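# Working through the structure, step by step
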Amino acid sequence: MPRPKTKSELISAAESNYTKLFSLISEMTDTELSTPFDFSNDEKKKELHWGRDKNLRDVLAHLFEWHQLLLQWVNTNIKGGNVPFLPAPYNWKTYGKMNMEFWSKHQTTELETIKKLLDKSHNDVMKLLEPFDDDELFTKGKYSWVGGTSLASYFISNTSSHYDWAIKKLKAHKKKVSG
């Protein structure tokens, strides 16, 4: 799917990938759900997240927490705040540590609970998107707090692209477990 260039394409991509993600989840067997993720023998999967996430809950919690970042960031800045996307003390070089904190935070969260939280946060993100038009979303530098990119890039990264990341991870796990 090409990167969205309009609000309608952004909404379509986000909703489509969210639906694909939960369709894939609904097809997972009990064995796939109960077998811990383990990509340690795959030389192509060396990024930290391949070792971090051990199950479906971990993946969904990650998506949920990044939704929270987006929601807080946009809502604060639209009201006149001036906060960066990543909360202190994190930056784009250290956000892996923040992801580990998200992971730790949800180790006792039940899978059904995180599914509900993610569904609500996805809907909240889609509602947050509603009042923005194409110009506000896709014009680079439209908002000083967005920096040199567009607001849409944050929505895309936290919805359709992130859902695609989760789908790829779940497919890799299913393939490994099912052969």
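All of the points below concern the structure found in this document. (Residues numbered from 1 in each chain as written. Predicted model: local features only at pLDDT ≥ 70, side-chain atom pairs only at ≥ 80, totals over all residues. Heavy atoms only, no water.)

### A few points about the side chain of asparagine 158
Convention followed: Only DSSP runs of H or I reaching four residues or more are called helices, and only runs of E reaching two or more are called strands; each is numbered from the N terminus. Here a residue-residue contact requires only that any non-hydrogen atoms of the pair lie within 4.5 Å.
Relative to the helices and strands, asparagine 158 is located in helix α8 (residues 151-158). Ignoring anything within four residues of it in the chain, the contact list for asparagine 158 reads Trp66, His67, Leu70, Phe85 and Tyr163.

### Details of the nonpolar core
Keep this limit in mind: For this analysis, a nonpolar core means a set of buried residues of the types Ala, Val, Leu, Ile, Met, Phe, Trp, Tyr and Cys, connected via side-chain atoms within 4.5 Å. Any residue under 20% of the maximum accessible area for its type is buried, any over 50% is exposed, and the rest in between are partly exposed; the area is computed with a 1.4 Å probe on protein chains only.
In this structure, Leu70, Trp73, Val74, Phe85, Leu151 and Phe155 are the most contacted members of the largest nonpolar core, which totals 27 residues. Of all the secondary structure elements, the ones that give two or more residues to this core are α1 (7-26), α4 (56-78), α5 (95-105), α6 (111-129) and α8. Ranked by residues supplied to this core, first place goes to α4 with six residues. When near neighbours in sequence (up to four residues on either side) are disregarded, phenylalanine 155 contacts Leu10, Leu70, Val74, Val125, Leu128, Leu129 and Leu137. One finds Leu56, Val59, Phe64 and Tyr163 within the second-largest nonpolar core, a separate group that totals 22 residues.

### Quick word on the packing of aromatic side chains
Where we set the bar: Any two rings among Phe, Tyr and Trp, with Trp reduced to its six-membered ring, count as a pair given centres within 6.5 Å; such a pair is stacked if its planes are under 30 degrees apart, edge-to-face if over 60, and tilted if neither. Charge-over-ring placement is defined geometrically: NZ (Lys) or CZ (Arg) within 6 Å of the ring centre, and within 35 degrees of the ring normal.
If you walk through the whole model with that rule in mind, you get 16 aromatic pairs. Aromatic pair tyrosine 18 and phenylalanine 22: ring centres 5.0 Å apart, planes at 45°, arrangement tilted. One end of the pair is tyrosine 18 and the other is phenylalanine 22, both in helix α1 and four residues apart, which spans about a single turn. Classification of phenylalanine 22 by relative accessible area gives partly exposed; the value is 22%. Ring geometry for tryptophan 66 versus phenylalanine 85: centroids 5.8 Å apart, planes at 35°, classification tilted. With tryptophan 66 in helix α4 and phenylalanine 85 in the loop between α4 and α5, this pair connects stretches of sequence that are 19 residues apart. Taken individually, tryptophan 66 and phenylalanine 85 each receive the classification buried, so the pair is uniform in this respect. Ring-pair connections join several aromatic residues into one group, and the members of that group are Trp66, Trp73, Phe85, Trp92, Tyr95, Phe132, Tyr143, Trp145, Tyr154 and Phe155. Looking at lysine 45, its charged tip hangs above the ring of tryptophan 50, at a distance of 5.1 Å from the centre.

### Some points on the pattern of salt bridges
We apply this condition: Take a side-chain nitrogen of Lys or Arg and a carboxyl oxygen of Asp or Glu: if they are within 4 Å of each other, that pair is a salt bridge.
Scanning the entire structure with this criterion turns up 10 salt bridges. Where lysine 115 meets glutamate 112, a salt bridge forms, and the shortest distance between an N and an O atom there is 3.3 Å. Taken together, the residues span about one helical turn, with lysine 115 and glutamate 112 both in helix α6 at a distance of three residues. Its relative accessible area of 46% is what places glutamate 112 among the partly exposed residues. Overlapping salt bridges, with partners in common, bring together Arg52, Asp53 and Lys169 in one network.

Honestly, that's just the spatial picture; any functional story needs more than this.
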